[in-house]
Amino acid sequence: MNKRDTFSTGLGFVLAAAGSAVGLGNIWRFPYLVAKYGGGLFLVFYILLVLTFGYTLMVAENAIGRKTGKSALCAFGELSKKWAFLGIIATIIPMIIQPYYNVIGGWVIKYALTFVTGGHSAAAGDNFFNEMLASPRQQLLFQFIFSAVTTIVILRGVQKGVEKFSTVLMPMLILLAIIVAIYSVTLPGATIGLRYLFIPDFSHFSVAGILGALGQMFYSLSLAMGIMVAYGSYLPKNSDLEKNVSRIEIFDTGIALLASLMIIPAVFAFSGGDETALGAGPGLMFVTLPKVFESMGMSTVIGSVFFILVLLAALTSSISIMEAIVSSLCDKFGWDRKKTTIGAGIGSFLVGIPPILGYSTWSGVTIGGMSILDMMDFITNSVLMPILALLTCIFIAYVIGVSVIHKEVEQSSAFKRKKLFDVMIKYIAPVFIVAILVSSILSALGVIQF
Ligand code: PHE
């Protein structure tokens, strides 16, 4: 029953892993964090984190998956019984992310439909986004569709759905994003945005920003939630792990940058240089891009194609989230894959209801100004994922030993950045995470009022 697919080629793996990595995290989440946390400085931190920490963790997770041939829930336990709980945390995280990811996927469906049916001027209006949030029924419907499609793709097997999209449509998405980005950066007034994006300004420094960059790095690369462990378990023994990881990182970061180039200069151009729009949060992409499309002309075509491609990119990511949940549960409990998938689909739909209501009926439920969706995002990205990453580093460095990872990587090629890997995983990464977590808790205690 639970026969394991493997990717036919290293390239297939890269594409599927990139399909998981590239999604709403790059296009929706990254630009609003860059905008919120100070532009250039955030970008510098982010890139540094990807190259050091992200690299290390991705190599480690892929190696653990490939070595054990298991998904997260079992893989950690197989290496050490006592540390099996890491697998449990790694399975709980995607269970929290999936439902709110579906909600945002639902927003993308709504925008795609609006553009396809010629509603571009409405979508570019100031209240369109908020009106959508105020309507739980609509959101429920679109969230349901998004969850259902994800479930159906998983039912058909990993390879068919994911590989196909990644080879054909991903390049189209990139091309369109390049066109829109070029347009955006040449808008009158866009240079202030470019400066904001690329010139670090140290007065914008904040611990929350660094924690944000760390969380985004995990989120965007699909790390610290068992996904790369699961994908590693599908990776053929002869495929060069390090090279694959570098490619995924370049790809993922490139698309996040492109998305920022589409959105941030436009924010400045349309607000006449007023920076308050930068704090818009989760709505930033949905509010800004329709305005860009509207001013480009041909907005029905551009808007429709763009949101459809984003929708597909979001689907490949949500497929990977659900795949991590389902394969973990099946490996662990020997459950039937079909039934587990359907259960996971229904579960994620139901858990997605509170974040939707959080924008209307339950708008009173907030902590420190965060809506329910923001809270789910915060708990996973800024709390659980850093903790899991910390424990994973400790586990590898001090429990099983780095040589286990060395050996696995060296099965397919020389381990070129072995030194970097060792220093990161033994010292820098754990110390850095502890420092960031502690200081952000301290500052939160001073700031957040319950
Ligand atoms: N990495 C994906 C993105 O950037 C999202 C994702 C998050 C995928 C969590 C899997 C798990 O959109």
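Scroll up to find the structure this text is about.
Residues numbered from 1 in each chain as written. Predicted model: local features only at pLDDT ≥ 70, side-chain atom pairs only at ≥ 80, totals over all residues. Heavy atoms only, no water.

Participant: Lay out the site of the ligand with the relevant residues and their values.
Facilitator: Of all residues adjacent to the ligand, which total 16 residues, the nearest are Ala21, Gly25, Tyr101, Tyr219 and Met225. Contact between the ligand and Gly25: an oxygen atom at 2.6 Å from a main-chain N or O atom of the residue. Those elements giving two or more residues to the shell around the ligand turn out to be helix H1 (10-21), helix H2 (24-36), helix H5 (85-116), helix H11 (207-220) and helix H15 (299-333). For the shell around the ligand, the class distribution of residues is 8 nonpolar, 8 polar and no charged. (Near = heavy atom within 4 Å. Polar contact = N/O pair within 3.5 Å; in protein donor to acceptor, adjacent residues only side chain to side chain. Helix = DSSP H or I, 4+ residues; strand = E, 2+ residues; numbered from the N terminus. Nonpolar A, V, L, I, M, F, W, Y, C, P; charged D, E, K, R; others polar.)

Participant: Residue-level account of the packing of aromatic side chains, with values.
Facilitator: Counting across every chain of the model gives 28 aromatic pairs. Judged by centre distance (5.1 Å) and plane angle (55 degrees), the rings of Tyr111 and Phe286 are tilted. With Tyr111 in helix H5 and Phe286 in helix H14 (residues 284-296), the pair connects residues that are 175 residues apart, well separated along the chain. Assigned by exposure class, Tyr111 and Phe286 land together as buried. Judged by centre distance (5.3 Å) and plane angle (40 degrees), the rings of Tyr111 and Phe307 are tilted. Of this pair, Tyr111 sits in helix H5 while Phe307 sits in helix H15, and the two are 196 residues apart along the sequence. What makes Phe307 buried here is its relative accessible area of 0%. Taking NZ or CZ as reference, Arg29 lies 4.9 Å from the ring centre of Tyr219, over its face. Over the ring of Tyr55 we find Arg417; its NZ or CZ atom is 3.9 Å from the centre of that ring. (Phe/Tyr/Trp six-rings, centres within 6.5 Å; stacked < 30°, edge-to-face > 60°. Buried < 20%, exposed > 50% of the residue type's maximum accessible area, 1.4 Å probe, protein only. Lys NZ or Arg CZ within 6 Å of the ring centre and 35° of its normal.)

Participant: Please give an account of unusual backbone geometry that cites residues and values.
Facilitator: We note that Ala224 has phi near 55 degrees; this positive angle belongs to a residue other than glycine. With respect to the helices and strands, Ala224 occurs in the loop between H11 and helix H12 (227-233). Positive phi, normally seen in glycine, also occurs at Met298, with a value near 50 degrees. For Met298, the location among the structural elements is in the loop between H14 and H15.

Participant: Explain the nonpolar core to me, using residue names and the numbers behind them.
Facilitator: By size, the foremost hydrophobic cluster in this structure holds 139 residues, and its most contacted members are Phe53, Trp107, Met217, Phe218, Phe286 and Phe307. In contact with Phe53, other than residues within four places in its own chain, are Leu214, Met217, Phe218, Ala389, Cys393, Met424, Ala429 and Ile433. One finds Ile154, Ile319, Val326 and Cys330 within the second-largest nonpolar core, a separate group that totals 6 residues. (Core = buried A, V, L, I, M, F, W, Y, C linked by side-chain atoms within 4.5 Å. Contact = heavy atoms within 4.5 Å.)

Participant: Lay out the packing of H5 against H15 in plain terms, naming residues and giving numbers.
Facilitator: Where H5 meets H15, the closest approach of the two axes is 9 Å, and the angle between their N-to-C directions is 160 degrees. Comparing the axis directions of H5 and H15 gives the class roughly antiparallel. Where H5 crosses over H15, the two elements pack in a sense that is left-handed. (Axes fitted to C-alpha atoms, helices over the stretch in contact; angles between N-to-C directions. Parallel < 35°, antiparallel > 145°, perpendicular 65-115°, else oblique. Left-handed = near helix turned anticlockwise from the far one by under 90°.)

Participant: Summarise a positive patch on the surface; cite the residues concerned and give the values.
Facilitator: Residues Lys243, Arg247, Lys416 and Arg417 make up a contiguous surface patch of positive charge. Checked against the element boundaries, Arg247 lands in helix H13 (residues 241-271). (Patch = residues over 30% accessible without salt bridge, like charges linked within 9 Å, V, L, I, M, F, W, Y side chains within 5 Å. Areas by Shrake-Rupley, 256 points an atom, 1.4 Å probe, with all protein chains shown as cover. Salt bridge = Lys/Arg side-chain N within 4 Å of Asp/Glu carboxyl O. Lys, Arg positive; Asp, Glu negative; His and termini not counted. Charge placed at Lys NZ, Arg CZ, Asp CG, Glu CD.)

That is the geometry; function is a separate question.
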